[in-house]
Amino acid sequence: MLMKKYEMLPTEENLIETLYNDTINRNKDIVYFYNILQAQESASAIAIDGRWGSGKTFFVRQTKMVINALNPSSAIDEETKAKATVRLPFPKNDGENENYSIAVYYDAWENDNDTEPVLSLIYEITKQLSIDFSLSDISIVKTAGAIIEAISGHNVNGIKDALTSEDPFTKFKEQKDVEQKIKDFFAGLLAERGNRLVIFIDELDRCKPTFAVHLLEQIKHYIYDDRITFVFSVNLEQLQHTIKHYYGVDFDSCRYLDRFFDLRISIPPANMEKFYSEMGLESRYYVDIVTKRIIKMYNFELREITRFYSQIKAAVYEPTHDNNKYDFSFPDGKGR
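These numbers were taken from a predicted model, which means no experiment stands behind them. (Residues numbered from 1 in each chain as written. Predicted model: local features only at pLDDT ≥ 70, side-chain atom pairs only at ≥ 80, totals over all residues. Heavy atoms only, no water.)

**Let's talk about the side chain of Ser120**
Now for step 1: You can see Ser120 is positioned in helix H5 (residues 117-132).
Now for step 2: Of the polar contacts made by the side chain of Ser120, one reaches the backbone oxygen of Pro117; its length is 3.0 Å.
Now for step 3: Each residue touching Ser120, except ones within four places of it in the same chain, is listed here: Tyr106, Asn111 and Asp114. (Helix = DSSP H or I, 4+ residues; strand = E, 2+ residues; numbered from the N terminus. Polar contact = N/O pair within 3.5 Å; in protein donor to acceptor, adjacent residues only side chain to side chain. Contact = heavy atoms within 4.5 Å.)

**Topic: helix H13 (residues 286-297)**
Now for step 1: With twelve residues, H13 should reach 16 Å at 1.5 Å per residue; the first-to-last C-alpha distance of 16 Å fits that figure.
Now for step 2: Every buried residue of H13 is accounted for by Asp288, Thr291 and Ile295. One side of H13 holds all its buried residues, which, seen down the axis, span an arc of 60 degrees. For H13, the exposed residues lying more than 90 degrees away from the buried face are Tyr286, Arg293, Lys296 and Met297.
Now for step 3: Taken together, the buried residues of H13 touch helix H12 (272-279) and helix H14 (302-315).
Now for step 4: Among the residues trailing H13, Asn299 stands out with phi positive, at a value near 55 degrees. (Expected span 1.5 Å × (residues − 1). Buried < 20%, exposed > 50% of the residue type's maximum accessible area, 1.4 Å probe, protein only. Arc of directions from axis to C-beta.)

**Observations concerning the pattern of salt bridges**
Now for step 1: Summed over all chains, the structure comprises eight salt bridges.
Now for step 2: A salt bridge links Lys28 to Asp29, with the nearest nitrogen and oxygen atoms 3.7 Å apart.
Now for step 3: Here Asp29 falls in the buried class, since its relative accessible area comes to 17%.
Now for step 4: Between Arg227 and Asp225 there is a salt bridge whose closest N-O contact spans 2.9 Å. (Salt bridge = Lys/Arg side-chain N within 4 Å of Asp/Glu carboxyl O.)

**Considerations on the environment of Glu282**
Now for step 1: Along the chain, the position of Glu282 falls in the loop between H12 and H13.
Now for step 2: Between the alpha carbons of Glu282 and Lys292 there is a distance of 9.1 Å; along the sequence they are ten residues apart.
Now for step 3: Setting aside chain neighbours within four positions, we find Glu282 in contact with Tyr276, Ser277, Asp288 and Lys292.
Now for step 4: At 3.4 Å, the side chain of Glu282 forms a polar contact with the side chain of Ser277.

**Let's talk about the sheet that holds strand E1 (residues 44-49)**
Now for step 1: Pairing is parallel across the open sheet formed by five strands, whose spatial order is E2-E3-E4-E1-E5. Both outer strands of the open sheet, strand E2 (101-107) and strand E5 (263-266), are each paired with one neighbouring strand and no more. Across the sheet, the mean angle from the axis of one strand to that of its neighbour is 20 degrees, orientation sign disregarded.
Now for step 2: In terms of strand pairing, E1 meets E5 through four bridges, oriented parallel. Its bridge partner being in E5, Asp49 is matched across the sheet by Ser266.
Now for step 3: Contacts between helix H9 (residues 209-222) and the sheet are confined to E2, strand E3 (196-202) and strand E4 (228-234), with E4 contributing the most and set at about 160 degrees to the helix. (Pairing = 2+ DSSP bridges. Axes fitted to C-alpha atoms, helices over the stretch in contact; angles between N-to-C directions.)

Have a look at this one:
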């Protein structure tokens, strides 16, 4: 028997389908958050706070998709744009031109082996926008390469060799030149692609303390621009522990983070009835009733619910006389 996997991964297909079907009733919250982002008029950093497994990654990646789907400069196909936005409760357009944003997503945990966090961030921004938006000016890519070499002292083939054959990387060794090149880089990106860049940084609270602190401080030092909004999806309690690991247990990590976050927002709660319905956890059998009571009692997050329910389904399965029905397949192997 193949056990159904209830946890939904944030693939592009799943992001689109859950936006279209409003699976856990968060579309209204995405619209609300989108409007908050559009209201930003200066450099800002926003923390989306939630416990592990509460759906933060899904929420920010859906928001990123909506931002780019609403931007006419995006290369997202029209069918995808329509499906991702048609069910969103936006007010009717009043006919005025809207200030469009562009958005990128950066998984800090996937990159925390890098010695210079700002390098991998700029690389990821360049890579995503090179794919999603038409690069009419190749100098943007050259500028990114110049930044990376100036900070790290070596060329990054992924940008330099893949996208340009010239070598403009010898004049930018001074710190002030690097800062100016970073400003030029973002000015070039925003010139044709939108009025504001939204950078979603995920999983920072899972990173090594050195990487997490360096990323925060390099962002503040290098990428402070009135046209850029950073959104950190984090468990703030865990991130404070990470900061203390770096600076010491007596360090005031809460006040330290106040230097970075202009706004803190809790992840909106999911509609549990819709979530249960999507999972099939809605029957009147005692096992489902008791399962939901346990979930409520222990205040499980979405990921915990999906894993717990998978275990419950396996535990209550009634095998037949056919011996092979005793076997179950799980993501990590087989069991009986």
